[in-house]
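Now for the letters of each chain:
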Amino acid sequence: MDMRRRLLWASLLVIVAVGYLAYTGWQGAALYYLTPAEAREKVLSGRTFRVAGNVGPDVAWDPGARVLRFQVTDGTAAVPVLYRGAPPDNFGPGQQVVVEGAGDGQGGLVASRLIMKCPSKYEQAPATAPPAGRNVLYLGAVAVALAVGMALVATRLLGVARRPGPAHHAGPAHHAEGRAGKPA
Amino acid sequence: MIQLSEVLVLAGLLACVYGGGVLVLGIARDSKRWLEQGRGAAVAGAVLCTLASVLLIYFLAVSDFRLAYVANHTSRSLPLVYKVSAFWAGQEGSLLLWALVLSWYGAYVARVTWARSPVLAARALAIMLGVEAFFLFLVAFVSSPFRVLSPVPPDGMGLNPMLQNVGMLLHPVTLYLGYVGFTVPFAFALAALHAGRSTGAPPGRARHGAARGAVASADGRTGAGPGWLYLSRSFTLWSWLFLSVGIILGMQWAYVELGWGGYWAWDPVENASLLPWLTATAFLHSALVQEKRGTMAGWNVVLIVITFFLTILGTFLTRSGVLSSVHAFAPSGLGGYFLGFMVLVLLGSGYLVVRGWSLVEETRPLESLLSREAAVIVAEFLLAAFALVVFWGTVFPLFAGLGGGRQVSVGPSFYLRAGVPFGALVVMLLGICQVLGWSRSRAGRVARALAVPLALAVLGAGGLTAVLLRAREGAGVSAGSGAGAAIGPWAIWPWAGFSAALLVAFAGLAGVWRDLGARRSSTGEGWLGALAGLVDRNPRRYGALLVHLAIACMVVGFTGSAFRQEAAFTLQPGQSTEAVGYNFTYRGLEATHLPHRVSVYAHLEAARAGRVLVLRPEKQYYPNYESAFSEVAVRGGLYEDLYTILEVWQHDGAASFRVIREPLVAWIWVGGYLLVGGTLVIAWPRRVAPGGRPRGGAAARGRAGDLRADARADARGDARGDGRAAARAGGGKGGGGG
């Protein structure tokens, strides 16, 4: 019995399984991003896709029925959206939004997910950094001197620390690590 | 001061470049003088990085808003702990953190590991300094935390309220500690390949590998043999621990802070941390096989290279904003540098691996398919398959976008259908593995050892599934969807998930039970004394058992999500409604005014079986942010969580809620604690006193003796063939909380 051959077969089996699962999984899960204009053509097809754009000016939220109606627009085209759920935290006219859903058969979109693209959430404000008005050569020279100096000192210290005997590495080791690693 | 910190970063970069350069020279010319210089430069780099970081922390602590980084991530009113933690809240600081941690590891290798193997340490240190130089280059020239603002703002932007959370305080730093640590085994693997190839002499063995002689590969070719694994083992373990803890903290943060009731969304950034975890887990186990059986050397080299690559990819995905994600940071100019570096890593390590392949080629055939090493190999195929699916789903949208095609993304269902089955198979295999011995096991014996735990697991899982199904039906979920019979076939999957998890737990506990009985009858100790004795004698075995128990707990938690129930409703004050098996009564809105925020919360009562829970889901308003932040209210225990979100409130007092009943979620966090405990048992460094005697133990229990003792214990386990030797193979996280 040749184990290698068996393993080869086993790995082939796994690869085929991955391929099959990935392919079928992909068929159901791949979501294409459309612009509102493209979405207007596709809403009749009944397929699920994502539309990215801005929330239009008219937003209607019915708390009793829990229905949210709005339009997603890119300035040129707009698609009416119906979402059965509450508006997300920072939802409002003009906000960037990604709508995931399928056409309702009448030119509108029934959203199953509403994802806010909120630039304020994780993005930092652009910082205005002035051009470096410093003597780069001078700073560079200091850095070089510092680097080489430190390296030489450290080499010397390591050499000294090693002399007692390399066999007992653990004792002096903690010492050296503490010196190098921990913030003072 | 600010200029000084820039100079420090620059000097650190120069120290790395200089150190890497002299190490390469010293290796090429075999010059001890140059090598010593390189060691010194590594320590100098660590000191310089530390000083620069201390300065940044100082600037953050005193709110020096001349720095753009300080102004962008903190404000005066922020508590000090969040001011300091802003060190890793942004891109620039986290790049410096990468370099800082790596520089400490470099100093450790230069000082401690060097004494054990100068040949490998020199080469590994050169590689580590190269990686460190890359990150310091980014910090110095591309994305510096020390950039200054020209009009100094009176106050900073503050830290995003969603990041003001204890989990978020620790999540990034633990994840980074995990990411960075894998640089060390990666560097040592390549070092071993290079050393073995260019000197022709086995690098690990003659000089300092006496402890490994017993377990080295059969023909003595230890080119990339256990030497590098042994030297970097503690780095590997600690990094795996930090990576695991980072992922679990991230899940917990998402659960309590993001307010959608889940902990894992298969978001690209989450996947970026899962990918190296999967390959690192595979690496840990095949490294063990190499240590015990002398095989799988090639696997190990390839796995650690891939793991390192994935940590860089993970940093890149998180920090470059190339993928749309809830976590990703703003787009920055980092992408090109990272891509270039990743190509360099792949080419460089690919070259070394191909050149040195003859050193790690498999020469020993497997003895039997019914052995622990065979199970590990199969589990690694499955983990690799899982990782491949996750990789594909995460990265394909990137390629599709680059190719000019339509932007595309994949939803969680892709991962659940294509990836999670592999994870589930790994967990099943792990259960079986607990009773397999090294080398070969007799089928009858395995079946006998497995019979009772398997029967108990299937029965217990069936009971658990039935209880959860009843709870679901009681809540009227199935009534709406038709007959209860429709639930039957579907419930097979969670039943299988629970069975696999319980099998892992029961088979492991049965092994401990047998060991305890044997020890008690031979030593006459009490239960606790016997347990302590066993753990003390073989901490790696019992630590691994604990980690596998942790995985079982987590899989129970993941599988429980199949029974999740969700409902949404709008109520006027005083109104009640039935949902997800509870009777909810909404009493009204209240508000609290704090200096830095205003909270509006709903007073919601949930009654079930005569017990009333009071929940206060909130909306929080911060002066610096125009949007509101939902703060969920969660009550629960080991059986289930009740998770409530205040979605919208009206001025007339009406409030819209979403409520989720989440069975067994708490077991994920329980598993997290067990995982930490188990890994600590395995990895806790045992100090060796100057005389070579370990603290409070027999003389044979030093670091080197440890391996010998393990090998002996295993040899006995093999001879008996009853699978009592260290039980660890195939650890995988199976479920997924869509």
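Here the structure is a predicted model, which means the values were calculated and not measured.

Draft legend 1. Broad picture of the overall build of chain B. On a plain count of helices and strands, chain B comes out with 25 helices and 11 strands. Within chain B, the proportion of its 738 residues that are buried is 61%. Summarising the internal contacts of chain B: among those between residues at least 6 apart in sequence, 74% fall at separations of at least 24. Carbon together with sulfur atoms contributes 64% to the accessible area of chain B, which is approximately 26,800 Å² in total.

Draft legend 2. Up close: the packing of aromatic side chains. Residue and element names in this part refer to chain B. Here the structure, examined in full by the defined rule, presents 36 aromatic pairs over all chains. Ring plane angle 85 degrees and centroid distance 6.3 Å describe the contact between Tyr263 and Trp669, whose orientation is recorded as edge-to-face. One end of the pair, Tyr263, is in the loop between helix H10 (226–258) and helix H11 (268–293); the other, Trp669, is in helix H24 (residues 666–683), and 406 residues separate them in sequence. Accessibility expressed as a relative area gives 2% for Tyr263, which makes it buried. Every member of this aromatic cluster is reached through a ring pair, and the members are Trp98, Phe134, Phe135, Phe316, Phe338 and Phe341. Just above the ring of Trp438 sits the side chain of Arg372; from NZ or CZ to the centre is 5.3 Å. Sitting above the plane of the Trp527 ring, Arg520 keeps its charged end 3.9 Å from the centroid.

Draft legend 3. Examining a nonpolar patch on the surface more closely. Residues Val144, Val148 and Leu152 of chain A together with Leu14 of chain B make up a contiguous nonpolar surface patch of about 280 Å² in total accessible area. Per element, the largest residue contribution to the nonpolar patch is three residues, and it comes from helix H4 (residues 136–162) of chain A. Among the residues examined, Val144 of chain A registers a relative accessible area of 42% and is labelled partly exposed.

Draft legend 4. Local environment of the pattern of salt bridges. Residue and element names in this part refer to chain B. All chains considered together, the criterion is met by 17 salt bridges over all chains. Note that Glu373 and Arg293 form a salt bridge whose closest N and O atoms lie 3.2 Å from each other. Placement of Glu373 in helix H15 (residues 372–402) and of Arg293 in helix H11 is noted, with a sequence separation of 80 residues between them. Each member of the pair, Glu373 as well as Arg293, is classed as buried.

Draft legend 5. Here's a closer look at the nonpolar core. Judged by nonpolar contacts, the single largest core of 219 residues is most densely connected at Trp98, Phe135, Trp228, Tyr263, Phe338 and Phe414 of chain B. Counting residues in each nonpolar core, the second largest holds 21 residues, with Leu34, Ala39, Leu109 and Leu114 of chain A among its members.

Draft legend 6. Molecular detail of the environment of Glu647 of chain B. Residue and element names in this part refer to chain B. Inspection of the secondary structure assignment puts Glu647 in strand S10 (residues 640–649). Separated by 30 residues in sequence, Glu647 and Pro617 place their C-alpha atoms 9.0 Å apart. Within the structure, the side chain of Glu647 is placed 2.9 Å from the side chain of Arg658, a separation counted as a polar contact.

Draft legend 7. Quick peek at the confidence of the model for chain B. Residue and element names in this part refer to chain B. In the predicted model, chain B carries a mean pLDDT of 82, and 83% of its residues have values of at least 70. For chain B, helix H25 (residues 703–720) is the element with the lowest average pLDDT, namely 36, and helix H2 (residues 32–61) is the one with the highest, namely 95. For residues 199–226, every residue scores under 50 in pLDDT, and the model assigns this stretch 55 contacts once sequence neighbours within four places are set aside.

Draft legend 8. Expanded view of unusual backbone geometry. Located in the positive-phi region is Arg66 of chain A, a residue other than glycine, with phi close to 55 degrees. Within the fold, Arg66 of chain A resides in the loop between strand S3 (60–62) and strand S4 (67–73). Judged by relative accessible area, Arg66 of chain A falls into the buried class, the value being 9%. The phi angle at Ser63 of chain B is positive, at roughly 55 degrees, despite the residue not being glycine. Within the secondary structure, Ser63 of chain B is located in the loop between H2 and helix H3 (68–73).

Draft legend 9. The layout of surface pockets, seen in detail. Volume-wise, the second largest pocket comes out at about 1,100 Å³. Taken together, 40 residues make up the lining of the second largest pocket; nearest its centre are Trp299, Val302, Ile377, Glu380 and Phe381 of chain B. Elements with a contribution of two residues or more to the lining of the second largest pocket: helix H1 (3–29) of chain A together with H11, helix H12 (297–320), helix H14 (357–360) and H15 of chain B. Among the residues making up the lining of the second largest pocket, the classes are represented as 28 nonpolar, four polar and eight charged.

Draft legend 10. Representation of the confidence of the model for chain A. For chain A, per-residue confidence averages 72 on the pLDDT scale, and 71% of positions sit at 70 or higher. Across residues 119–133 of chain A the pLDDT falls below 50, and counting only partners more than four positions away or on other chains, this stretch makes 32 contacts in the model.

Draft legend 11. Representation of the sheet that holds strand S11 (residues 655–663) of chain B within the structure. Residue and element names in this part refer to chain B. Spatial strand order, S2-S11-S10-S9: four strands in an open sheet with antiparallel pairing. Of all strands in the sheet, those bounded by a partner on one side alone are strand S2 (565–571) and strand S9 (633–636). When strand polarity is set aside, the average angle formed by the axes of neighbouring strands in this sheet is 20 degrees. Taken together, the four bridges between S9 and S10 define a ladder with antiparallel strand orientation. Following the sheet pairing, Val634 is matched in S10 by Tyr643.

Draft legend 12. Here's a closer look at H11 of chain B. All names here are of chain B. Given a rise of 1.5 Å per residue, 26 residues ought to cover 38 Å, and the 37 Å separating the end C-alpha atoms of H11 matches this to within 8%. Among the 26 residues in H11, 26 count as buried, and that is most of the element. The N-cap residue of H11 is Asp267: its side-chain oxygen and the backbone nitrogen of Val269 are 2.9 Å apart. Directly after H11, the chain includes Gly294, whose backbone phi takes a positive value near 75 degrees.

What counts, and at which threshold
By convention here, each chain's residues receive numbers from 1 onward along its written sequence. As a convention, the first chain written is A and the first ligand written is 1, with the rest following in written order. It should be noted that, the model being predicted, local features are given only for residues of pLDDT at least 70 and side-chain atom pairs only at 80 or more, the latter also being counted only at that level, while totals for whole chains, interfaces and linings use all residues. Each side-chain value is derived from all of the structure's non-hydrogen atoms; neither hydrogens nor water enter the calculation. A run of H or I in DSSP counts as a helix once it spans at least four residues, and a run of E counts as a strand once it spans at least two, with each numbered from the N terminus. Each residue gets one of three labels from its accessible area relative to the maximum for its type: buried under 20%, exposed over 50%, partly exposed in between, using a 1.4 Å probe on protein chains only. In this description, contact between two residues means that some pair of their heavy atoms is separated by no more than 4.5 Å. All accessible areas in this document rest on Shrake-Rupley with a 1.4 Å probe, and a residue is counted as covered only by the protein chains that are shown. Here is the rule: rings of Phe, Tyr and Trp (six-membered ring for Trp) pair when centre to centre is within 6.5 Å. Planes less than 30 degrees apart are stacked, more than 60 are edge-to-face, and the remainder are tilted. We call a charge positioned above a ring when the Lys NZ or Arg CZ atom is no farther than 6 Å from the ring centre and deviates by at most 35 degrees from the ring normal. Residues enter patches when they are more than 30% accessible in relative terms and free of salt bridges; like-charged ones are connected within 9 Å and nonpolar ones (Val, Leu, Ile, Met, Phe, Trp, Tyr) within 5 Å. The salt bridge definition used is simple: a Lys or Arg side-chain nitrogen within 4 Å of an Asp or Glu carboxyl oxygen. Among buried residues, the Ala, Val, Leu, Ile, Met, Phe, Trp, Tyr and Cys ones that are joined through side-chain atoms within 4.5 Å form a nonpolar core. We call two N or O atoms a polar contact when they sit within 3.5 Å, provided that within protein one can donate a hydrogen and the other can accept it, with sequence-adjacent residues counted only if both atoms are side-chain atoms. Known as pLDDT, the predictor's per-residue confidence is scaled from 0 to 100. Method remark: on a 1 Å grid restricted to protein atoms, a set of points is classed as a cavity if a 1.4 Å probe fits but cannot get out and as a pocket if it is open with protein on both sides within 12 Å along at least five of seven lines; lining residues have an atom within 4 Å of a point. Grid points are joined across faces, edges and corners, and a volume is the space filled by probe spheres set on the points. Ten residues, namely Ala, Val, Leu, Ile, Met, Phe, Trp, Tyr, Cys and Pro, are considered nonpolar, four, namely Asp, Glu, Lys and Arg, are considered charged, and the remaining ones, Gly among them, are considered polar. Two strands qualify as a pair provided DSSP detects at least 2 bridges between them. Between N-to-C directions, angles span 0 to 180 degrees; the directions come from axes that are lines fitted to C-alpha atoms, helices contributing only their stretch in contact. A helix's residues, less one, multiplied by 1.5 Å, set its expected span.

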